[in-house]
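# Per-entry structural report
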Amino acid sequence: MPPPSSPAPPLAEPIADALVVTACAYHSLQRSRDEGMLQREWAMYALLGAAGMYGRIVLVTYGGAEDQAIASTLGPLTPQVICNTESLDIPQFLAAVPARIAGALASARSVVVKTEQMWGGRVALDIAATLRAAGKRVGLIARAGYPWSRFVAAESGAASPQAAEAAMFECDLCRGADVVVGTTRDILDALAWRYALAPEHTRLIPNYLCGGLTDRPIVPASERDPATILFAGRLQPQKRVDLLIDAVARIQGTGPRAGDTRLHAPPGAPRPVRLHIIGQGPLEASLKAQAAAAGIDA
């Protein structure tokens, strides 16, 4: 759902004195910047800051001093960054985060703590508990942009220690949160069923699209190639790029089920399709081989 194209008018008073956002595990502002994602990821928080919805924004990231330098370029409400400037082991860093947050927000009376994803969100529980013990009013939002424990089970095995640990952390976070947010109904229903979440403690908030994040002109429809299909993303199993390649092969009549006329051009009417795949990941070699075997122009 697209956010407003311009900031909302300032509120009479903020929702809370501060918003604390915990990054996905091992994620940093430097990584977001280098991958070209920083503007998109910060866009919503920039709107919240401009509208005066929070007095301060604090980000918990896994980067070093570079993250603090990058944060100084963000606005209109420049965030404070709690990051791993001392290059500690991750467990040591995370153990110190709640006390650092409490020190940074000593004057705040009310705080909203929000996770970017379930993965890495466990620290948000400790932050919320520490702030509440300090007498602050705290709301905890656990956000699931993708079904984390399900992905871990698919990649490592349903009975694996990794899957058990992911489910345990996910359960603690969901049951400890005031609100659990899912970006799709499927994700939200699965979490609600698995962890016995009451409907009033869940919210469906789809991913958003932000316009105006680049100076590059949008390609006019008249100049686009209708026979080109574009995929941009990580080349990992859950993205199912193999199904996209299979579908293109069926459209061209070269796939394993080319006899299915519902999905490819009829005999004598070839429909050449170009496929652009942009991304990196462990499936890169196998996807290239699959496309080549199917005779796809990719």
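What counts as what
Residues numbered from 1 in each chain as written. Predicted model: local features only at pLDDT ≥ 70, side-chain atom pairs only at ≥ 80, totals over all residues. Heavy atoms only, no water. Salt bridge = Lys/Arg side-chain N within 4 Å of Asp/Glu carboxyl O. Helix = DSSP H or I, 4+ residues; strand = E, 2+ residues; numbered from the N terminus. Buried < 20%, exposed > 50% of the residue type's maximum accessible area, 1.4 Å probe, protein only. Pairing = 2+ DSSP bridges. Axes fitted to C-alpha atoms, helices over the stretch in contact; angles between N-to-C directions. Contact = heavy atoms within 4.5 Å. Core = buried A, V, L, I, M, F, W, Y, C linked by side-chain atoms within 4.5 Å. Phe/Tyr/Trp six-rings, centres within 6.5 Å; stacked < 30°, edge-to-face > 60°. pLDDT = per-residue confidence, 0-100.

### Here we look at the pattern of salt bridges
Inspection of the entire model under this criterion finds 13 salt bridges. Close ionic contact of Arg33 with Glu66 constitutes a salt bridge, the shortest N to O distance being 2.9 Å. Here Glu66 lies in helix H3 (residues 65-71) and Arg33 lies in helix H1 (residues 29-34), a separation of 33 residues in the sequence. Residue classification places Arg33 among the partly exposed positions, given a relative accessible area of 37%. The partner of Lys114 in a salt bridge is Glu116, with the nearest N and O atoms 3.0 Å apart. For Glu116, a relative accessible area of 22% gives the class partly exposed. If you follow the salt bridges from partner to partner, you end up with Arg33, Asp34 and Glu66 in one network.

### Considering the sheet that holds strand E4 (residues 110-115)
Sheet strands pair via backbone hydrogen bonds, and the direction of the pair is either parallel or antiparallel. The 7 strands lie next to each other as E3-E2-E1-E4-E5-E6-E7, forming an open sheet whose pairing is parallel. One side of each edge strand has no neighbouring strand; the edge strands of this open sheet are strand E3 (80-82) and strand E7 (202-204). Averaged over all pairs of adjacent strands, the angle between strand axes in this sheet comes to 20°, irrespective of strand direction. Each of strand E1 (16-22), strand E2 (54-60) and E4 touches helix H2 (residues 38-50); the most contacted strand, E2, lies at about 155° to it.

### Notes on the environment of Leu47
Summarising the element assignment, Leu47 is placed in helix H2. On a C-alpha basis, the gap between Leu47 and Pro76 in space is 8.2 Å, while along the polypeptide they are 29 residues apart.

### Considerations on the nonpolar core
The biggest cluster of nonpolar side chains holds 40 residues, and the ones touching the most others in it are Val20, Ile101, Val113, Met118, Ile127, Val180 and Leu191. Each residue touching Val180, except ones within four places of it in the same chain, is listed here: Met118, Ala142, Cys174, Leu188, Leu191, Leu197, His201, Thr202 and Arg203. Counting residues in each nonpolar core, the second largest holds 20 residues, with Ala16, Leu29, Trp42 and Ala71 among its members.

### What about the packing of aromatic side chains?
Pairs of aromatic rings are described using the distance from one ring centre to the other and the angle between the two planes. For the structure on display, the rule yields 5 aromatic pairs. Centre to centre, the rings of Trp42 and Tyr45 are 5.9 Å apart; their planes meet at 40°, and the pair counts as tilted. Residue Trp42 and its partner Tyr45 are located together in helix H2, separated by 3 residues, close to a single helical turn. Classification of Trp42 by relative accessible area gives buried; the value is 8%.

### Observations concerning the confidence of the model for the protein chain
Chain-level statistics for the protein chain give a pLDDT mean of 87 and a share of 86% at 70 or above. Between residues 1-5, whose pLDDT stays under 50, and residues either more than four places distant or in other chains, the model counts 11 contacts. Per-residue pLDDT stays below 50 along residues 258-265; that stretch engages in 13 contacts with residues further than four places along the chain or on separate chains.

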